[in-house]
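Below, each chain spelled out in residue letters.
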Amino acid sequence: MTEVVINENDGAEEAHDKREFILTVEGLNKSFDGFKVINDLNLYIDRGELRTIIGPNGAGKSTFLDLITGRTRPDSGTIEFGPDHSIKLDHMREYEINRLGISRKFQTPSVYSHHSVYENLMMSLNRDRGVFATLFYRESAADKARIHEILETIRMVDQGDRVAGSLSHGQKQWLEIGMLLAQDPKLLLVDEPAAGMTDEETERTGELLLSLAGDHSLIVIEHDMDFVRQIATTVTVLHQGSILREGTIDQIQADQKVVEVYLGRQHSRDEEDAS
Amino acid sequence: MPLRKTICWVLLVLLGIAPYAAQADEDAARAILTEAILASSNDQVALVEELAATGETEIVTNYLEAWKRGDIYIFDPESKRIPIYVPEDEDAPALRSAIVVETGEVLVNELGEPVTVDPENLDQARPARKARKLFSRLTDLVGLNSANPDVRAESALKLGLKQNQDYLRDLLALKETEKDPAVLEALEEGIAVSHLAHGSREELMAAIATLEKMNSLAGLSALGNLKAELDEGQTELEFNADERAALDKTIESINSYLAKIDFIGTCFRGLSLGAVLVIVALGLAITFGLMGVINMAHGEMIAVGAYSAFLSQQFFASIIDSSKLALETYFLFAIPFSFVTAALAGLILERSVIQFLYKRPLESLLATWGISLILQQGFRLVFGAANRQVNSPSWLLGNIEILDITFGYNRIFVIFFAVIIVVGTWLLMTRTPLGLSIRAVMQDPEMASAMGIRIDRTRMITFAFGSGLAGLAGVFLSQIGSVGSNLGQSYIVDSFMVVVVGGVGNILGTVLSALGIGVTDQALQPALGPVMGRITVLVIIIIFLQWKPGGLFPSRSRSLD
Amino acid sequence: MKFSEDQRRLIGIALTAGVMFLLPALNVTMTPESFLHVSDFQLNLWGKYLCYAALAISLNMLWGYTGLLCLGQSLFFALGGYALGMHLMLMIGEEGAYKSELPDFMVFMGYTELPSHWVPFYSIWVAVAAVILVPGILALVFGFLAFRARIKGVYFAIITQALTYAACLLFFRNEFTFGGNNGFTDFKTVLGHDVFDPGTQRGLYLLTAMYVTSCMLFNWWLLRTKFGRIQQAIRDSENRVRFSGYSTTSYKLFIFVVSGIMAGIVGALYIPQVGIINPEEMRPSKSLEIVVWVAVGGRATIVGPVIGAVFVNWLKSYTTYHYPDYWLIILGALFVFVVLFMPNGIVGLPAQLRELWKKNQHRFKSMPKDEPASA
C-alpha cells in the first residue's frame, strides 16, 4: 500500500497544483458498533475523471458513498467538494448535498414505481425544488425538450408513458441513470450499474458512462471485471476501509496482493504449498 | 370427593391455621369482661382494670366503647343473665341477631338456631360511673399490656405523641419492665416526644438529641410545634443559642432523612410501576419486533389474562368449600392459566388474521385495532358491562416496613415476578434453538426461511408467547384494580411508548425504558398530580425521540428504505 | 368515449357534489308525504356525515398520498371545534342555566370572571382565526420536531397517538378552563341565527357541502401539480426523493399543516350542527375511526374517503339504533375484512372484481387441462 502512495507522490508535487479536485476525502473514519468500516481513507477525484472503485464485499464501498451523500456521518475526517475545497460535505443534509450537484444511483434500482417514466424524469429535473415552487410549477418547452433528450440518451423515447414499476430490471437501472442526468450533476456516484443486465445492456451502459466522463466526474462501483475493463481509466481497490492499490486495470489485475484479497487466503496458501 | 378433600387438607396444612394460643387469651379476656358487666358497681372498677391488664386490645377497645354507648344488653331467659352485644344500626329491623359477649358467637337457643332480639325489650347494661371514667384511659393504655410486642410498640409511640403527662408516667413505668428491644425503642421515642412538652430542661434537651439520633419521623411535628412556640413566645421556655441550634439541626436532619426515605419510596413505587410496564410491554416488544408493527389488540390480550384470573377465582370458589382457602390458592393457578388462555387467543389471532399481513405492516396495525374493538365488545357481552372484582390473596395484601419505608407485598411480588419473566424471556431468546429461530425470523424472514427455519411456525409460537406475556400482565393488573373490558386500553398507550423508546424488539431496551418511564412517572406525580405527570412523561418521550429517533437501541438496516 | 384519469377524477367529484347538493333541494322542495322528501332531522344527520367526509379527506392527504399514518386527526378536529365553541359559548350570554355572563360550566366551577384567554373570543374573527391557527401551529411545531427526527411509519402513528392522548387527558381536566369532561354545549345562536332553526341548519349543511367539494377540488388540483407527484413519491421512496435534492421534511411538514388546518375547519363546521364538543371527540380511538373510513372508502382516491365516511357512519347510525350491542363488533369486523380482502376499498371494488373475474375465467378455461393431469 505504501509503495503505491509513494509512487504517486513522486511526481505529485507539481501535479497537485495543476490538478483540479472535485472531491477531496482526507482521513475519513467510520465505524459501526466498534467495527471499522472506513479506516483513515484518503481519496482525490479530478474534475472530469471516471474513477472505478472495486473491492471485496464489506470493503466499505457503499458506506463510502453513504458518507459522501450525507446518508451517514463520518466519525472523523473531511469530505470537501469543489476545486477550492470550500464546501464541506460532512455536516450537510442529503438534499443539500444533492443540490450541489452530487447525484447517486443506488445498488438496487430506486425509481418512483407508481409514476410514469416521464414523470420520474420530470421530478428529477434540476429546477427549484422548494415546496411552493413545485406547487405552482408549469412545464416549459425547455423542460420538455430536456426530458426528451434524456429519454433519447437512455433509449426510452417510446416508453415515456409507462409506469416505472413495470419496467425490467435493466430498464430501471437506465431510468435511474437518466434521473441522475436530469439533475445536471457535477459528480455522479454510480453503485453497481451493470447488476442484473444482459451483456448487451452492460456494454451500452459502459458506453453511456464513458460519454459522460469529461463533462461530469464519475465514481463507479462495480464487480464485473469485464465491465471495469471497458470503462476504467483509474481503478481504486478498497480493502477493509482503506485503499489497497490504485492504478490502471492492467496494473491492478497483475497485482499479487489484490488477487490475494479477492480470492481469499485459501488461494495464497495453495500457491505457497505449490511452490 | 376424596381428591377435593385431600387437596383441601394439604393446603390447610401448608398454609397453617389460626393460632390457638391467641384464642385462649381472648377467651380469658371475654370471661373477665362478662364478669365485669354483671358485677356490682363497686367491683366493676377492679374488674375493668384487670381486663385492661390482659392487653387484648381489640376486645377492650371494641366492647368498652359499645358498653359506654349502651349497645350491651342483658339477655335473661330463665333467669340466666347473659350479656350480649347488639350493634346499633339505624336501618336495622327491630328484631335482630346479637353476639354473646362471653363467646363472641351469635346468640343461639338450645337447638343451636340463631335467636333474634329486640333491644327495646331488654335491660341495657350501664357501666358504673366510676368505672366509666376509666374507660378512655384504659382503652388508650390497653395496648401497652398486649402480649404482642408489635401492638405494645405501636401503642407506646401513639401514647407518646399525645404528649399527656399521665401517659408519660405509664410509659416510664413500662420502660422499667419491658424487655423487647423494638418496644423499648418505641418507648424511648414516645417518651422523648412527651418530654418535649412536659420534661425538665435537661430531659427536653436529651429528648431532642434522642429524636435526632433516632431520625424520628413521628417526632417531627412535635419538634416543629416546639419551634413555632419558641418563635412566637407562647412558652415560658427560653433557649440559648446552642440549644436553639441543636433544635434546628435536629429538625433539619430529620427532614433530610424524610427526603431520603421519600426518594427511596418513590424509586420503589416507580420500580414496581416499571415492573408492571415491563411485563405489559415485553410481549408487545416481541410481537413488535416480529411484525414490525404494534399489535393494537395487545391490550385485549391483557384483558383476556385478567378475565382468566377472574374465572379461576370463580372456579376455585365453586370447588373449594372454604372460601378463605379458595382465595389464598386460586392465584397460584391463575398465573399459568392466564398465560395459556392469552397465548391461545394470540395463536388464533395470528392464524386467522395476522399471518396474512406480515408484508403490510401498517395495515396490520389497523386490522389488529379492528380485532381489539371486537374483543372489547365481546368481553362486555360475555362478562357484562360492569367491572368484575378479583380479590387478592392475603399474602399479597400486607406490607413490610423497613427503615420507615413501606414496601407493599404486591409491589414486591410484581418486581420479583417481572425479574423472573425478563430473565426467562431472555434465556428463551438467547439460549434455546427456538430463540435462535425467533431472532433469525425477526431480522430477516426470507433468509431465515432459506436457512430451513419454518418461519410460519416460528411466527405462530412467537406471537402466542408474546400474547401469553400479556396474559400474565393481566393477572397482575387484576390485583391492582378491577377487571373491565377497557383494562388493556389504559395501559396500552404507555406500553407503546415503552416499546418505541426501547427500540425494536430489544429486551434490554424494553426493560430500561419501562423502568425509566415508571420511575419518571412516579417522581413527577407528587409535584404535578397524576394527569399532568402523565402528560409530562409523554412530552419528555416526544423530546427524547428527537434525540434518538430509533429508541435506545435502534435496529440498523442496510437497504434503502 | 374514453376519459383521462384526470377527467375521471373530476367526474367523480362532480357526481359526489351533485348528490350532496341534491339533499337540501329535496328538503325544501318536496312535501313531507313524498317518498323523496328529506326531513330536517335527516339533513342535519347528513351534515354530520359530510363533516366526517371532510375529515376523512384531510387524513387521506396524509395517509393515502404521503404515506403518513397520522393518528392525531381527531385532535386537530377537536381543536377547531373548541376554538369556535368558545365563541358560541360566549354568545349564549345570560340565557344559560345560571343566567350569568359566564358560560354555565364556569359558574358551576366557581369562576367569578372570564379567564383572560377567553376574552378575545367575543369576536367571531378571533374565533375563526383560532380555528385555523391553533391546529395549524400545533401541526407546524409537532410536525417539525417529528419530521426533523425522521420519525415515520409506525413510529409516526404511535407518536401522534401519544400527542392526542396527552391532549385528551388535558382537556378532561376542569382546571384547563375548557369545561372538563362535559365540554361545551347548549349553544343558542351562531352568527346571530338560532341554532335550532331548520334554516340555520340548512345553511350550515350547504356550507359543509361546499367545504367538502372544495376539499375534493383542492385534492384534485394538488394531484395535478408537481408537488402532488413528489408527495406520492415520498410515500413510495422517500430516500430517492431526498437524494434528488428535495427537502422531504418541508414537503411533509407542508402537507401535515394543511391537513391539520383542514381538520380544524371541519371541527368548526361540526359543532354548531351537532351542538356539543367534549374531549371524547379527541380520543385516539376517534382518529383510528377516521382511518377506517378512508380504508373502507378507498385509500389514495379523491371520492373514496367521502364514500367511506358516509357509509361507515350511516352504518353506525343504523346499527347503534337497531343492534346497539353489536356496533363495535361490526365496525371491527368491517375493518378486518376491508384490510384483508378489500385493500382498495369500495372505490377499488369494481376493478378488484374485474380482476377476480378475469382470473377465474382463466382458471375455468384451464381446468379441463388440469383434470387429466391430476387424475
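Residues numbered from 1 in each chain as written. Chains lettered and ligands numbered in written order. Predicted model: local features only at pLDDT ≥ 70, side-chain atom pairs only at ≥ 80, totals over all residues.

A. Just the overall build of chain C, in detail. Helices and strands together make up the secondary structure of chain C, namely 13 helices and 4 strands. The C-alpha atoms of chain C give a radius of gyration of 23 Å, which matches the 21 Å a tight globule of 375 residues would have. Considering only C-alpha atoms, chain C reaches an extent of 90 × 60 × 40 Å along its principal axes. Relative to all contacts within chain C whose residues are 6 or more apart in sequence, the contacts with residues 24 or more apart total 77%. (Helix = DSSP H or I, 4+ residues; strand = E, 2+ residues; numbered from the N terminus. Rg over C-alpha atoms; globule rule 2.2 N^0.38 Å. Contact = placed C-beta atoms within 7 Å.)

B. The overall build of chain A, seen in detail. When you go through chain A residue by residue, the secondary structure sums to 13 helices and 10 strands. Every one of the 275 residues in chain A was classed for burial, and the buried ones make up 41%. (Buried ≥ 20, exposed ≤ 12 C-beta atoms within 10 Å, placed from the backbone.)

C. Representation of the interface of chain C and chain B within the structure. Each partner contributes residues to the interface: chain C has 34 residues there, and chain B has 35 residues. Where the side of chain C that touches chain B is concerned, the elements lending two or more residues are α6 (153-172), α8 (226-242), α10 (284-297) and α12 (327-341) of chain C. Here the residues of the side of chain C that touches chain B are counted per class, giving 25 nonpolar, 5 polar and 4 charged. (Nonpolar A, V, L, I, M, F, W, Y, C, P; charged D, E, K, R; others polar.)

D. Broad picture of the sheet that holds strand β6 (residues 123-124) of chain B. Taken in spatial order, the 4 strands make up an open sheet running β4-β2-β1-β6 (chain B), and their pairing is antiparallel. Taken across any chain shown, the strands that pair with only one partner, and hence form the sheet edges, are β4 (99-100) and β6 of chain B. (Pairing = 2+ DSSP bridges.)

E. Representation of the pairing of strand β1 (residues 21-32) of chain A. Residues and elements named next belong to chain A. Strand direction decides the pairing type here: β1 and strand β2 (residues 35-46), joined by 8 bridges, are antiparallel. Residue pairing in the sheet places Thr24 in a bridge with Tyr44 of β2. Hairpin connection, β1 to β2: the antiparallel pair is bridged by 2 residues, and Asp33 has positive phi, about 50°. In this structure, β1 lies alongside strand β4 (residues 76-81), joined through 5 bridges in antiparallel fashion. Bridge pairing in β4 places Thr24 opposite Glu80.

F. Focus on the environment of A:Ser31. Residues and elements named next belong to chain A. Along the polypeptide, Ser31 turns up in strand β1. Ser31 gets classed as partly exposed once you count the C-beta atoms within 10 Å, which come to 13. In this structure, the C-alpha to C-alpha distance between Ser31 and Thr63, residues 32 residues apart in sequence, is 9.9 Å. Ser31 has contacts with Lys36, Val37 and Asp75, leaving out every residue within four places of it along the chain.

G. Layout of the nonpolar core. Counting 266 residues, the largest nonpolar core has B:Ile279, C:Ala53, C:Ala54, C:Leu55 and C:Ala56 as the members making the most contacts within it. In this structure, C:Ala56 is in contact with C:Ile290, C:Trp293, C:Val294, C:Gly297, C:Pro305, C:Val306, C:Gly308 and C:Ala309, ignoring residues within four places of it in sequence. Listed in part, the 14 residues of the second largest apolar core include B:Tyr63, B:Trp67, B:Ile84 and B:Ala98. (Core = buried A, V, L, I, M, F, W, Y, C linked by C-beta atoms within 7 Å.)

H. Fine view of the pairing of strand β9 (residues 234-239) of chain A. Residue and element names in this part refer to chain A. Counting buried residues along β9, 5 of its 6 residues qualify, which places the element largely inside the surrounding structure. Pairing of strand β3 (residues 50-54) with β9 involves 4 bridges; the strand directions are parallel. Of the residues in β9, the one forming a bridge with Ile54 is Val237. Examined bridge by bridge, β9 and strand β10 (residues 242-247) share 5 bridges and lie antiparallel to one another. Paired with Leu238 across the two strands is Ile243, which belongs to β10.

I. Focus on unusual backbone geometry. Residues and elements named next belong to chain C. Non-glycine residue Arg150 carries a positive phi angle of around 55°. Summarising the element assignment, Arg150 is placed in the loop between α5 (124-148) and α6. A positive phi angle, close to 65°, is found at Asp186, a residue other than glycine. If you trace the backbone, Asp186 turns up in the loop between β1 (184-185) and β2 (189-190).

J. Structural context of helix α7 (residues 141-153) of chain A. Given a rise of 1.5 Å per residue, 13 residues ought to cover 18 Å, and the 18 Å separating the end C-alpha atoms of α7(A) matches this to within 8%. Following α7(A) by one or two positions, A:Arg155 adopts a phi angle in the positive range, close to 55°. (Expected span 1.5 Å × (residues − 1).)

K. How the structure looks around helix α16 (residues 433-443) of chain B. Taken as a whole, α16(B) has its buried residues at B:Ser437, B:Ile438, B:Val441 and B:Met442. Buried residues of α16(B) fall within an arc of 135° about the axis and therefore sit on the same side. (Arc of directions from axis to C-beta.)

L. Layout of the sheet that holds β3(A). All names here are of chain A. Strand order across the open sheet formed by 6 strands is β6-β7-β8-β3-β9-β10, with mixed pairing between neighbours. With one partner strand each, in any of the chains shown, β6 (102-105) and β10 form the two edges of the open sheet. Adjacent strand axes in the sheet meet at a mean angle of 20° when their direction is disregarded. Here β3 runs beside strand β8 (residues 217-221); their pairing, made up of 4 bridges, is parallel. Residue pairing across strands places Ile53 opposite Ile221, the latter belonging to β8. Docked against the sheet, helix α3 (residues 61-69) engages β3, β6, β7 (187-191), β8 and β9, running at close to 150° with respect to β7. (Axes fitted to C-alpha atoms, helices over the stretch in contact; angles between N-to-C directions.)

M. Quick peek at the confidence of the model for chain C. Residue and element names in this part refer to chain C. Taken residue by residue, chain C gives an average pLDDT of 86. The fraction at 70 or more is 96%. Per-element confidence in chain C is highest for helix α9 (residues 248-274), whose mean pLDDT is 93, and lowest for helix α13 (residues 349-374), whose mean pLDDT is 68. Per-residue pLDDT stays below 50 along residues 369-375; that stretch engages in 0 contacts with residues further than four places along the chain or on separate chains. Two numbers describe this predicted complex: its pTM, 0.78, and its ipTM, 0.82. (pLDDT = per-residue confidence, 0-100.)

N. Highlighting the confidence of the model for chain A. Residues and elements named next belong to chain A. The share of residues in chain A with pLDDT of 70 or more is 88%, and the mean pLDDT across the chain is 81. When pLDDT is averaged over each helix and strand of chain A, the minimum, 42, is found for helix α1 (residues 2-10) and the maximum, 90, for helix α5 (residues 117-124). Here residues 1-16 scores under 50 on pLDDT; set against residues more than four positions off or in separate chains, the count is 5 contacts. Contacts of residues 266-275 to residues separated by more than four positions or lying in other chains number 2 contacts, the stretch itself having pLDDT below 50.

O. Structural context of the packing of α5(C) against α9(C). All names here are of chain C. It is at 8 Å that the axes of α5 and α9 come closest, and there the two elements cross at 150°. Comparing the axis directions of α5 and α9 gives the class roughly antiparallel. Here the hand of the crossing between α5 and α9 comes out right-handed. Here α5 contributes Val131, Ile132, Val134, Pro135, Gly136, Leu138, Ala139, Leu140, Gly143, Phe144, Phe147 and Arg148 to the contact with α9, which in turn contributes Thr249, Lys252, Leu253, Phe256, Val257, Gly260, Ile261, Ala263, Gly264, Ile265 and Ala268. For the contact of α5 with α9, the residue count by class is 16 nonpolar, 5 polar and 2 charged. (Parallel < 35°, antiparallel > 145°, perpendicular 65-115°, else oblique. Left-handed = near helix turned anticlockwise from the far one by under 90°.)

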